[in-house]
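Results of the structural survey
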Amino acid sequence: MRILLVEDDEALAQGVILALRGQGFVVNHVTQGQQALSSIRSQDCDAVVLDLGLPDIDGLDVLKTTRQKFPRLPVLVLTARDGVDDRIRGLDLGADDYLVKPFALPELFARLRVIERRLGTASNHLIRLKDVELDSSAHQVRLAGETLALSRREYMLLKVLMESAGRIKTREQLEASLYAWGEEVASNALEVHISNLRKKLPKDFIKTLRGVGYSVDPA
């Protein structure tokens, strides 16, 4: 899942970015509300983690504008404003969830997994297809009960495919799920990740539709 983190505290933002990337999320970061609105309009994210105390415009105004144009885009508000009235106003303006600073990273992960399940096809943190089991809570993949050694991007790629079981994912969609904005991507990077995954998974688990993309069969 691609997350847009809107946070002007650089130290906090960098810590959250590293933690989220360690959990398999693709994270893009901006520090101002206008930058956030521009990024949201480009539709380059699946969910937004939005701080309210931004230097240019109030985060609630960002939320309000986002809801008017993209009513289904999940927004998790992250803020130091801990008053009940502030929380109610944020939720009334369309926030999907609310975390008050300081917060525990595992709680942020759990709340984002709820959003992720809502966006994808998985009904819980375990996805089982044939002998392959992906546990998004433990960030692990098991084959016939044995844990596989996967790189972060191999895990992310397999997660996208398994959550979309039965549907074709194009090269562009998969690359967008693996790489952040402006990140240089080698022309054959996706094929390398697919090849490495196939060596670790059952034969024909990942199917290629030549010229279209990749898919896995539903259970």
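Residues numbered from 1 in each chain as written. Predicted model: local features only at pLDDT ≥ 70, side-chain atom pairs only at ≥ 80, totals over all residues. Heavy atoms only, no water.

**Some points on the UniProt feature "modified residue: 4-aspartylphosphate" (unreviewed entry) in the protein chain**
Feature annotation in UniProt places "modified residue: 4-aspartylphosphate" (unreviewed entry) on D51, given in this structure's numbering. Inspection of the secondary structure assignment puts D51 in strand β3 (residues 47–51). With relative accessibility at 4%, the residue D51 sits in the buried group. Setting aside residues no more than four positions away along its own chain, D51 makes contact with V6, E7, D8, G59, L78, T79 and K101. (UniProt positions renumbered as here; feature names shortened; annotations may be inferred. Helix = DSSP H or I, 4+ residues; strand = E, 2+ residues; numbered from the N terminus. Buried < 20%, exposed > 50% of the residue type's maximum accessible area, 1.4 Å probe, protein only. Contact = heavy atoms within 4.5 Å.)

**Notes on the environment of P106**
Of note, P106 is situated in helix α5 (residues 105–119). Relative accessible area serves as the criterion here: at 57%, P106 is assigned to the exposed category. Once the C-alpha coordinates of P106 and L20 are considered, the two residues, 86 residues apart in sequence, prove to be 9.9 Å apart.

**Digging into the sheet that holds strand β9 (residues 146–147)**
Read from one edge of the open sheet, four strands run β6-β7-β8-β9, paired in antiparallel fashion. The open sheet has two edge strands with one neighbour each: β6 (126–129) and β9. Sheet analysis places strand β7 (residues 132–135) next to strand β8 (residues 140–143), joined by four bridges and oriented antiparallel. Its bridge partner lying in β8, E133 is registered against R142. Sitting on the sheet, helix α6 (residues 152–163) touches β6, β7 and β8, and the angle it makes with β7 is about 110°. (Pairing = 2+ DSSP bridges. Axes fitted to C-alpha atoms, helices over the stretch in contact; angles between N-to-C directions.)

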